Amino acid sequence: MSDKQVLGYASLSVGEPCTSIFYDPPKLGEFDVRISVTHCGVCHTDIQAIENYYGITTFPFVPGHEIVGTIEEIGSSVEGLNEGDRVGVGWQGRSCGKCKWCLRGETQLCMEIENTTVMVPYGGFSSSVVADSRFVYTLPPSMPSEVASVLMCAGLTVYSALQTHLESRDMKVAILGIGGLGHIAVQIAHALGCEVTAISSSREKKGQALGFGADHFVDNNDNNSMQELDYSQDLLLCTANAGFNWESLLMVLKKRGRMVLLGFPDVAFNSTDLVAHELSITGSLIGNPKMMREMLTFSQEYDISPMIELMSMSQVNDAIERVKENKARYRIVLVNDIHNIGD
Ligand SMILES: [Zn+2]
Ligand SMILES: [Zn+2]
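Position labels on residues start from 1 in each chain and follow its written sequence. As a convention, the first chain written is A and the first ligand written is 1, with the rest following in written order. The predicted nature of this model means local features are confined to residues of pLDDT at least 70 and side-chain atom pairs, given and counted, to a pLDDT of 80 or more, with totals for whole chains, interfaces and linings taken over all residues. For side-chain calculations, the full set of non-hydrogen atoms in the structure is used, while hydrogens and water are omitted.

**Focus: the overall build of the chain**
Phase 1 of the analysis: Where helices and strands are cited, they refer to DSSP runs of H or I of at least four residues and of E of at least two residues respectively, numbered from the N terminus. Per the secondary structure count, the chain includes 10 helices and 15 strands.
Phase 2 of the analysis: In this setup the radius of gyration rests on C-alpha atoms only. A globule is expected at 2.2 Å times the number of residues raised to 0.38. For the chain, whose C-alpha radius of gyration is 20 Å, the value lies close to the compact-globule estimate of 20 Å for 343 residues.
Phase 3 of the analysis: Seen through its C-alpha atoms, the chain measures out along the principal axes to roughly 60 × 40 × 40 Å.
Phase 4 of the analysis: Burial classes: relative accessible area under 20% of the type maximum marks a residue as buried, over 50% as exposed, and values in between as partly exposed (1.4 Å probe, protein chains only). Counting all 343 residues of the chain, 55% fall into the buried class.
Phase 5 of the analysis: Look at the contacts in the chain between residues 6 or more apart in sequence, and 63% of them connect residues 24 or more apart.
Phase 6 of the analysis: In short, Shrake-Rupley with a 1.4 Å probe defines the accessible areas, and a residue's cover is counted only from the protein chains shown. Accessible surface, the chain: about 14,800 Å² in total, of which carbon and sulfur atoms supply 48%.
Phase 7 of the analysis: The positive count covers Lys and Arg only, the negative count covers Asp and Glu only, and His and the chain ends enter neither. Each charge is placed at NZ for Lys, CZ for Arg, CG for Asp and CD for Glu. Both charge centroids of the chain, one from 25 positive and one from 41 negative side chains, sit 4 Å from each other. Throughout, a contact is declared for two residues whenever any of their heavy atoms are within 4.5 Å.

This is the structure in C-alpha cells:
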C-alpha cells in the first residue's frame, strides 16, 4: 500500500490556487499511522498558510487539517489503533515529545511547533496522510464523519479556550465573529450554561446565531447596540480575522474581563482601558490531546452540530473562494471523491 502514489491538492507558490499533484507516500515511523482521507474541513488558517501569513509555509503546500478517514497502515509501536478504524486528526499531527511543554502534556505549545502540524510534509487535501498515532483520535461511532472533521480544529479550538478561561458556568460570554469557529463556540458556550452574546457584522446571521444558542445578537457596526454591552461581559472570544474597532470591543468587558484571540487578526488599541480596567488579552491555540478527547465526548453528549456544506475535494479552489468571500455557512467539508465513501 505504502508504495502507492498519493494524490494531493497543492498550492505551488505563495497565494496560488491548489492544483492536483502526485507525491511519494511519506515513510511511516514506528508510532505513525497512515490514514486514507475521506473528509477534510476547510479552515481559515489553510488559506492564511497558502498566503504564507505565518512565514513558515514551504511549497508545494498541501493544506488540510480537519481530517477524518480510515487507518490503512500502522507503525510497529502503535497502540490502541487498528487498520480499518475510523479516526480523526486535527492541526497537530506530532510533537517533539521532549520539550517542557510536551512533557507537561501541553503539546500544542511544543517548542518545535513548525514541525508539529499534520500539514508537514503534506496535509489532508490528499488521498492519505501520515500522523503520529498519539495525535489520532477514535471517533464516537454515531458521529457523522463531516461533523467529526470540523470538530478536529474548529471544535477543539473553541472548546479548549472556553474550558481554559471560564471560571464558572454563569459567566457572560461574548463571541465575536459567527463563522466556522464562532458558530460552534456559541453552541458550546450555551451547552456549558453561559449567557451568550453573538457579535457579528453580518446582520443576516442573527436568526441562525440565536438558533445555535445565543441569548443575544449584536451588530458590531451598530454603535448604540455595542454601547449597551459596555462593562457587561466576563469573556470575549474573538474568532474573526477581520479588522475591528478594538477599543469599543474592549469596552464590553467587565473590569478584569478577558479577551481571548483564536484567529490571527491585526490588533491595535489605546492601552488606557486595558490598564484602567485591569483587562487581560491572551491567545489560545488549538488544544492538547486530553482536551480533544474531552471535546469529542462533550460534543456527542450535547449534540454539538456544526452547520456544514459538503463539496467534492476536487472543488477545493471553489471551496477556498467561498471561505474567502465569507459565503460558507458555516464550514465547508471536502469529501474525497477518489474513494468509495461510506461513513
Ligand atoms: Zn484550523
Ligand atoms: Zn515538544
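**Some points on the coordination of the zinc ion (ligand 1)**
For a metal bound by four donors in tetrahedral geometry, the ideal donor-metal-donor angle is 109.5 degrees, whereas six donors in octahedral geometry ideally sit at 90 or 180 degrees.
Phase 1 of the analysis: Shown as donors are all N, O and S atoms within 2.8 Å of a metal ion, widened to 3.2 Å for Na, K and Ca; because water is not in the atom set, sites may appear incomplete. Protein coordination of the zinc ion (ligand 1) is provided by Cys43 (SG), His65 (NE2) and Cys153 (SG), with donor distances spanning 2.1 to 2.2 Å.
Phase 2 of the analysis: Within one chain, the residues serving as donors to the zinc ion (ligand 1) are arranged as C-x21-H-x87-C. With a gap of 110 residues between them, Cys43 in the loop between β3 (32-42) and α1 (44-50) and Cys153 in helix α3 (residues 145-165) connect regions that are remote in the sequence. Each member of the pair Cys43 and Cys153 is classed as buried.

**What to know about the packing of α3 against helix α4 (residues 182-191)**
Phase 1 of the analysis: Here, axes are lines fitted to C-alpha atoms. For helices the fit covers the stretch in contact, and angles between N-to-C directions go from 0 to 180 degrees. The contact between α3 and α4 brings their axes to 9 Å, and the two run at 50 degrees. Judged on the interaxial angle alone, α4 and α3 are oblique. Here α3 runs over α4; the crossing is right-handed. The residues of α4 that touch α3, namely those facing Val150, Ala154, Gly155, Val158, Tyr159 and Leu162, are Ile184, Ala185, Ile188 and Ala189.
Phase 2 of the analysis: Taken together, the residues of the contact of α3 with α4 sort by class into nine nonpolar, one polar and no charged. Working definition: roughly parallel below 35 degrees, roughly antiparallel above 145 degrees, roughly perpendicular at 65 to 115 degrees, and oblique for all remaining angles. Note on convention: near helix rotated counterclockwise from far helix by under a right angle means a left-handed crossing. Clockwise means right-handed. Polar here means any residue other than Ala, Val, Leu, Ile, Met, Phe, Trp, Tyr, Cys and Pro, which are nonpolar, and Asp, Glu, Lys and Arg, which are charged; Gly is therefore polar.

**Remarks on α3**
Phase 1 of the analysis: Here, expected helix span is obtained from the residue count minus one, scaled by 1.5 Å. Taking 1.5 Å per residue as the helical rise, α3 with its 21 residues ought to reach 30 Å, and the 29 Å between its terminal C-alpha atoms agrees with that figure.
Phase 2 of the analysis: The axis of α3 is deflected most strongly, by about 55 degrees, at Leu151.
Phase 3 of the analysis: Most of α3 sits out of view: 19 of its 21 residues are buried. Working definition for bend: take the seven residues up to and ending at a residue and the seven starting at it, fit an axis to each, and measure the angle between the axes.

**Observations regarding the packing of α3 against helix α9 (residues 289-301)**
Phase 1 of the analysis: For the pair α3 and α9, the least separation of the axes is 9 Å and the interaxial angle reads 100 degrees. The orientation of α3 with respect to α9, classified from their angle, is roughly perpendicular. The segment α3 lies against α9, with Leu151, Met152, Gly155, Leu156, Tyr159, Ser160, Gln163 and Thr164 engaging Met291, Met292, Glu294, Met295, Leu296, Phe298 and Ser299.

**As for the coordination of the zinc ion (ligand 2)**
Phase 1 of the analysis: Distances from the zinc ion (ligand 2) to its protein donors, Cys96 (SG), Cys99 (SG), Cys102 (SG) and Cys110 (SG), fall within 2.3 to 2.4 Å.
Phase 2 of the analysis: By the criteria applied here, four donors are tetrahedral when all angles lie between 85 and 135 degrees, four are square planar and six octahedral when opposite donors are over 155 degrees apart and every other angle lies between 65 and 115, and any other arrangement is irregular. Given four donor atoms and angles of 103 to 120 degrees at the metal, the environment of the zinc ion (ligand 2) is assigned as tetrahedral.
Phase 3 of the analysis: Mapped onto the polypeptide sequence, the residues donating to the zinc ion (ligand 2) form the spacing pattern C-x2-C-x2-C-x7-C.
Phase 4 of the analysis: On the accessibility criterion, Cys102 (11% relative accessible area) is buried.

**Brief notes about the environment of Ile178**
Phase 1 of the analysis: The topology assignment puts Ile178 in the loop between β8 (172-176) and α4.
Phase 2 of the analysis: The spatial distance from the C-alpha of Ile178 to the C-alpha of Asn326 is 10 Å, given a sequence separation of 148 residues.
Phase 3 of the analysis: Every residue in contact with Ile178, bar those within four places of it in the chain, is listed here: His183, Val186, Ala198, Ile199, Ser200, Lys205, Ala209 and Tyr330.

**Looking at the pattern of salt bridges**
Side-chain pairs of opposite charge can arise where the charged atoms are in close proximity.
Phase 1 of the analysis: We define a salt bridge as a side-chain nitrogen of Lys or Arg found within 4 Å of a carboxyl oxygen belonging to Asp or Glu. A complete count under the given rule lists 13 salt bridges for this structure.
Phase 2 of the analysis: The salt bridge involving Arg134 is made with Asp132; its shortest N-O contact spans 2.8 Å.
Phase 3 of the analysis: Asp132 sits in the buried class, given a relative accessible area of 7%.
Phase 4 of the analysis: Here the salt bridges share partners, and the residues they tie into one network are Glu51, Glu321 and Lys324.

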